[in-house]
Amino acid sequence: MDNTKPKKPLYRRILKWSGITLLIIIILLIAAPFIFKDKIVAIVKEQANKNLNAKVDFGDFDLSLITSFPDFRFKIKNVSVIGIDEFKNDTLAFISEIKTDINIKSVISGDKYQINSVVIDHARILGMVLKNGKANWDIAKPSADTATTASEPSKFSMDLKELKIKQAYIVYDDQKGGMYAKLEDFNYDMNGDFTQDNFVLNNLLEIAKTTFKMGGASYLSEVKTRLKADVDMDMVKKKYVFKENEFSLNDLTLDFDGFIEMPDTNIQMDIKFKTKQADFKSILSLIPAVFSKDFKGLKASGKLALDGFAKGTYNASSLPAFAVNLGIENGMFKYPSLPKSVNNVHVDLKINNPTGVLDATTIDVNKFHLEMAGNPIDLVAHVKTPISDPGLHAEVKGIIDLGSVKEFIPLEKGDNLNGTIKSDVKIAGHMSALTKKEYDKFNASGALEIDKMDYKSATLPYDILLDVMKLNFTNQYVELATLNAKLGKSDIQANGKIENFMQYLFKNELIKGAFNLNSNLMDLNELMSSSKTPSAASTPSASPTGTGSGVMAVPANIDFTLDTKIAKVLYTNLVLENMVGNIIVRNQKVDMTNLRMNVMGGDLIMNGYYETTNLKKPTTSLSLKVDNFDIQNTFKSFNTVQKLAPVGQYAMGKFSATLENFKTSLNEKMEPDLTSIKAMGLFKTAMVTVGGFPPFEKLGEALKMDQLKKMDVSNLNLNYEITDGRVKMAPFETKINNIPTTISGSTGFDQSIDYKWKMAIPKSMFGGAASSALDGLMKQANSAAGTNLSVGDKINVTALFGGTVMKPVIKTGLKDDMKNTVATVTTQAVNAGIDKANAEAQKILEDAKAQCEKQKAEARANADKQKAEGYASADQLVEQADNPIAKMAAKKAAEVAKKKVDEKVQSIINDADARCQKSLEEAKARADAKAAESKK
């Protein structure tokens with residue numbers, strides 16, 4: 001019997017292994033993303049950190065294979081690139097999601113990661129160029145070794161077949177070049193096979209709103225933009241040929257063709273364009289006021305011709321030749337709902353550059369004429385050599401009845417416009433004539449007048465009334481003959497003259513002016529508000545205590561001097577009155593010289609400046625002199641004062657002060673950088689009352705003296721210094737509740753305090769417990785010293801303040817201060833006793849000396865008398881002798897007698913000296929005993 005098991009049919013084995021294989025593939029499809037996810041993420045982070053000078057971060061990420069097989073689909077959400085250094089905290093890019101398809105084979109091999117598709121969704125991009133030329137996108141790290149860089153190629157390669165950008169928001173802000181662009185709802189779709197040498201690249205670009213400004217002029221405002229371009233790509237020759245291409249701006253569509261070839265840094269091009277339509281209405285769509293008001297129902301007629309070209313080489317030193325021609329004949333438009341129209345529009349504009357050298361450009365407005373509700377405007381202008389020496393010949397003449405504007409252009413609901421603008425100005429000459437002050441070679445004449453202009457808008461928080469403004473044009477300057485205007489409640493009267501106006505207009509050079517500015521009321525609160533009915537979220541706070549709405553930039557190319565006289569200025573909760581002074585706007589700086597005003601019931605004199613050479617970090621420097629300011633109003637009105645002097649919240653009274661050399665930088669909210677402040681000054685007040693201030697409350701508790709919880713500070717005169725984030729005060733003397741006090745210390749902007757008070761407090765102010773303790777200590781001292789002393793009227797107390805304003809820590813050492821007081825009194829009493837004993841001992845000695853001298857003087861007088869009498873008796877014996885022998889005997893007897901007299905006199909004196917010496921020794925013994933007794 002054959003026990004061998006029958007073999008399974010072949011198809012069953014095939015199905016089995018096919019099933020196993022399929023299962024393995026499915027498992028791999030599911031598992032592969034998890035296997036390679038960390039590897040790819042690590043590579044992305046490594047490459048970003050390695051190559052970029054920026055902070056790169058991203059949120060959740062996902063890797064899948066099933067939906068994109070045979071590619072990996074890698075998604076990253078919330079990608080952000082934030083600048084550093086000058087662009088710190090500026091977001092270069094934020095992208096909600098980036099989706100890329102990566103070739104699976106390249107991931108497995110680990111050599112190069114081949115990217116086939118990129119989709120960028122909801123990107124917000126800011127491209128910025130500072131005035132110094134630094135661009136925020138220049139974040140690639142420079143290589144220290146070119147050879148090393150060449151030997152370490154990127155781990156990514158682009159073999160794109162698809163690139164999509166969805167709903168992007170892009171801003172380009174070139175502060176150096178004076179160029180600004182904003183692209184809203186930017187969508188771009190590109191398809192092509194970059195793996196081929198020759199292929200067609202399909203491009204579709206759509207932008208819902210395009211805004212473009214340059215040199216302060218707005219060229220496009222929220223224009224709908226569309227570009228459809230199919231390009232023949234020759235990747236070997238790097239030549240790209242345009243075919244069947246359209247470029248649209250609102251309703252104006254341009255056809256263009258030609259090519260661009262980029263074999264090296266010299267880019268060759270030959271591109272032509274022309275309007276697809278020939279009707280006048282299409283170009284009207286570029287005018288915001290026309291396009292936004294029921295444009296589809298607009299009736300228009302007239303012919304349009306617009307064409308141009310760019311041909312030649314573009315590189316770092318040259319441009320291609322170019323030309324633009326615009327012609328309009330018999331243009332007219334009218335809204336069906338309005339009674340009047342704009343008629344007889346004729347334009348002949350030619351911009352030509354035959355060589356590519358910018359200075360060879362000519363601009364010829366041979367004709368510009370239109371009639372708005374019957375009001376004609378004519379303009380003729382010719383410009384040549386615009387770079388080296390702009391030559392201009394222009395004439396503009398016209399009358400605009402502003403009241404008729406609403407009859408041919410629909411205004412917004414609530415808007416109204418009235419008044420008249422008249423212009424008749426002629427200009428001819430080269431800029432060099434003005435620069436050289438050769439005014440006879442430059443002709444300017446005529447005037448621009450605005451009369452009774454009244455503008456009201458539902459979106460503007462105030463009405464604008466320009467009662468009269470007149471500008472007179474002369475060869476040398478433009479005269480502001482008169483300006484009388486009212487902006488809401490604010491009125492302005494001004495006159496003056498403007499120099500360098502033409503250079504400013506055509507070459508963006510410095511414009512100079514000197515003006516007299518007068519006003520009865522300037523309501524800055526109204527002028528700075530954003531709308532008539534602002535929401536809480538949209539209202540900018542421009543108050544000193546507010547956050548502000550942004551940096552107020554000072555223009556770089558103006559040099560204005562303003563002699564200002566304003567009766568009243570309203571600024572937040574401040575009322576500034578009688579403002580008089582000189583203001584100079586120059587070099588991106590506003591200088592104030594002796595700007596005087598009355599504010600908060602006192603007087604203020606201000607000198608200093610505000611400058612914005614760095615818009616990220618404007619600076620200000622001020623010197624102030626204030627007199628008779630109210631403390632409470634000052635504290636409530638100024639955020640900086642709240643940081644510098646928190647005690648002001650609890651103080652009542654008037655003060656005078658100086659603030660000298662106050663220098664600080666400001667942030668983008670116009671708030672000072674407190675840590676950078678350096679200043680000094682003087683603070684004076686005759687009397688100020690402080691109640692409820694936490695440190696004083698704590699001091700009163702520590703000393704058990706409720707009267708110190710509310711303090712009357714008199715004759716305060718202190719010098720202060722602001723540095724290192726603190727207000728520092730050198731020791732100064734004052735009286736607090738009539739207590740002589742010496743104070744020194746500082747307050748930090750972080751509200752920390754560090755003070756030392758030395759107070760001479762009357763004993764009568766202490767409570768019963770403190771007085772009893774002090775009497776007990778004095779009794780102990782008297783008992784130990786054998787004295788009967790008592791404490792004086794005042795107790796010296798030292799108080800140390802620490803912690804913060806709201807959580808103060810007070811150390812008084814009151815018990816030690818009392819002991820020191822008792823010791824001081826005792827020591828003073830002992831010293832006084834010793835001094836008295838010493839004085840008495842000294843008096844004993846001095847009395848003994850005086851008595852001694854008296855006795856010696858009497859003895860000497862007696863000795864002198866006896867000597868005189870003895871000598872007289874001896875001499876008489878000689879005189880009575882009557883013969884020579886007798887005289888000789890008498891002389892000898894007289895000499896003997898005199899010798900005895902001298903011996904007697906000397907004995908008298910010696911006896912007196914001996915008695916005196918004995919008396920002095922006895923006196924000294926008594927004095928020494930007295931002093932010794934006092935020391936015991």
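Residues numbered from 1 in each chain as written. Predicted model: local features only at pLDDT ≥ 70, side-chain atom pairs only at ≥ 80, totals over all residues. Heavy atoms only, no water.

Student: Describe the overall build of the chain, listing the residues and the values that go with them.
Tutor: Counting its regular elements, the chain contains 14 helices and 38 strands. When burial is assessed residue by residue, the chain has 38% of its 936 residues classed as buried. Residue pairs in contact within the chain that sit at least 24 positions apart in sequence constitute 53% of those at least 6 positions apart. Accessible surface for the chain amounts to roughly 52000 Å². Of this, 56% is attributable to carbon and sulfur atoms. (Helix = DSSP H or I, 4+ residues; strand = E, 2+ residues; numbered from the N terminus. Buried < 20%, exposed > 50% of the residue type's maximum accessible area, 1.4 Å probe, protein only. Contact = heavy atoms within 4.5 Å. Areas by Shrake-Rupley, 256 points an atom, 1.4 Å probe, with all protein chains shown as cover.)

Student: How would you explain the side chain of T620 if you had to name every residue and give the values?
Tutor: Counting through the fold element by element, T620 comes out in strand β30 (residues 619–630). T620 gets classed as buried once you look at its relative accessible area, which sits at 13%. Of the polar contacts made by the side chain of T620, one reaches the backbone oxygen of Y609; its length is 2.9 Å. Every residue in contact with T620, bar those within four places of it in the chain, is listed here: Y609, Y610, F662, K663, T664 and L666. (Polar contact = N/O pair within 3.5 Å; in protein donor to acceptor, adjacent residues only side chain to side chain.)

Student: Please provide a residue-by-residue account of the pairing of strand β22 (residues 477–487), values included.
Tutor: In this sheet, β22 lies alongside strand β21 (residues 464–473) in antiparallel orientation, the contact comprising 9 bridges. Note that in β22 the partner of L471 across the bridge is L480. Between β21 and β22, which pair antiparallel and follow one another directly, the connecting turn spans 3 residues. In terms of strand pairing, β22 meets strand β23 (residues 490–499) through 9 bridges, oriented antiparallel. For L483, the partnering residue across the bridge sits in β23 and is A494. (Pairing = 2+ DSSP bridges.)

Student: For the packing of aromatic side chains, give the residues involved together with the corresponding values.
Tutor: In total, this model carries 10 aromatic pairs according to the counting rule given. For the ring pair F515 and F560, a centre distance of 5.2 Å and an interplane angle of 85° mean the geometry is edge-to-face. Taken together, the positions of F515 in strand β24 (residues 511–519) and F560 in strand β26 (residues 558–571) put the pair 45 residues apart, joining distant regions of the chain. Each residue in the set Y650, F693, F696, W757 and F801 is aromatic and connected to the rest through ring pairs, giving one cluster. Sitting over the ring of Y169, R124 keeps its end group 4.2 Å from the ring centre. We note K239 situated over the ring of F259; from NZ or CZ to the ring centre the distance is 4.7 Å. (Phe/Tyr/Trp six-rings, centres within 6.5 Å; stacked < 30°, edge-to-face > 60°. Lys NZ or Arg CZ within 6 Å of the ring centre and 35° of its normal.)

Student: Go over the nonpolar core, please, and point to the residues and values.
Tutor: By size, the foremost hydrophobic cluster in this structure holds 127 residues, and its most contacted members are L699, I722 and W757. Counting residues per element, this core draws most heavily on strand β33 (residues 710–723), which supplies 6 residues. For I722, the residues in contact, after removing those within four places along its chain, are L644, L659, I677, K678, A679, V727 and F749. (Core = buried A, V, L, I, M, F, W, Y, C linked by side-chain atoms within 4.5 Å.)

Student: Tell me about the pairing of strand β28 (residues 589–599), and please be specific about residues and values.
Tutor: The pairing of strand β27 (residues 574–586) with β28 spans 8 bridges and is classified as antiparallel. By the bridge assignment for β28, V580 is matched with R596. Between β27 and β28, which follow one another and run antiparallel, lie 2 residues, and N587 among them has a positive phi close to 55°. Taken together, the 9 bridges between β28 and strand β29 (residues 602–611) define a ladder with antiparallel strand orientation. Opposite R596, over in β29, you have I605 as the bridge partner. Hairpin geometry of β28 and β29 is characterised by an intervening segment of 2 residues between the two adjacent antiparallel strands and by a positive phi of about 50° at M600.

Student: So what's going on with unusual backbone geometry? Which residues, and what values?
Tutor: Although it is not a glycine, N500 adopts a positive phi angle of roughly 65°. Mapped onto the fold, N500 is located in the loop between β23 and α7 (501–507). At D724, a residue that is not glycine, the phi angle is positive and equals roughly 55°. With respect to the helices and strands, the residue D724 is situated in the loop between β33 and β34 (726–736).

Student: Talk me through the environment of L521; I want residue IDs and the actual numbers.
Tutor: Among the secondary structure elements, L521 is positioned in the loop between β24 and β25 (522–523). Measuring from C-alpha to C-alpha, the distance between L521 and I566 comes to 6.7 Å, with 45 residues separating the pair along the chain. In this view, L521 contacts K489, S490, D491, K568 and L570; residues no more than four positions away in its chain are not counted.

Student: Talk me through a nonpolar patch on the surface; I want residue IDs and the actual numbers.
Tutor: Together, Y314, L319, L358 and I387 make up a nonpolar patch on the protein surface, roughly 350 Å² of accessible area in all. Mapped onto the fold, L319 is located in the loop between β13 (299–314) and β14 (321–334). L319 gets classed as partly exposed once you look at its relative accessible area, which sits at 31%. (Patch = residues over 30% accessible without salt bridge, like charges linked within 9 Å, V, L, I, M, F, W, Y side chains within 5 Å. Salt bridge = Lys/Arg side-chain N within 4 Å of Asp/Glu carboxyl O.)

Student: Before we move on, could you go through the pattern of salt bridges and cite the residues and values that matter?
Tutor: According to the stated counting rule, one finds 16 salt bridges in the structure shown. Linking D454 and K456 is a salt bridge whose minimum nitrogen-to-oxygen distance equals 2.8 Å. A residue is classified by how much of its surface remains accessible, and K456, at 30% relative accessible area, is partly exposed.

Student: Hey, could you go over the side chain of S752 for me, with residue numbers and the actual values?
Tutor: Looking at the secondary structure, you find S752 in the loop between β35 (739–748) and β36 (753–762). A distance of 2.8 Å separates the side chain of S752 from the side chain of R726, its partner in a polar contact. The residues touching S752, leaving out its near neighbours within four places in the chain, are R726, S746, T747, G803 and T804.

Student: I'd like to hear about helix α11 (residues 694–703), residue by residue, with values.
Tutor: Within α11, the full set of buried residues consists of P694, P695, F696, L699, G700 and L703. K704 sits one or two positions beyond α11 and adopts a positive phi of about 55°.

Student: So, the confidence of the model for the chain: which residues are in play, and what are the values?
Tutor: Averaged over the chain, the pLDDT score is 80; the fraction of residues at 70 or greater is 81%. For the chain, helix α3 (residues 146–151) is the element with the lowest average pLDDT, namely 44, and strand β15 (residues 342–353) is the one with the highest, namely 95. Confidence drops under a pLDDT of 50 for residues 146–151, and excluding neighbours within four residues, the segment shows 1 contact in the predicted structure. (pLDDT = per-residue confidence, 0-100.)

Student: Summarise the environment of N416; cite the residues concerned and give the values.
Tutor: Looking at the element boundaries, N416 is found in strand β19 (residues 416–430). Here the alpha-carbon distance between N416 and D463, two residues 47 residues apart in the chain, equals 9.8 Å. Setting aside its immediate chain neighbours within four residues, N416 contacts K406, L411, D454, Y455 and K456.

Student: Account for the environment of I605, with residues named and values stated.
Tutor: Position of I605 among the secondary structure elements: in strand β29. Once the C-alpha coordinates of I605 and S623 are considered, the two residues, 18 residues apart in sequence, prove to be 8.3 Å apart. Apart from residues no more than four positions distant in its own chain, I605 is found in contact with N594, L595, R596, S623, L624 and K625.

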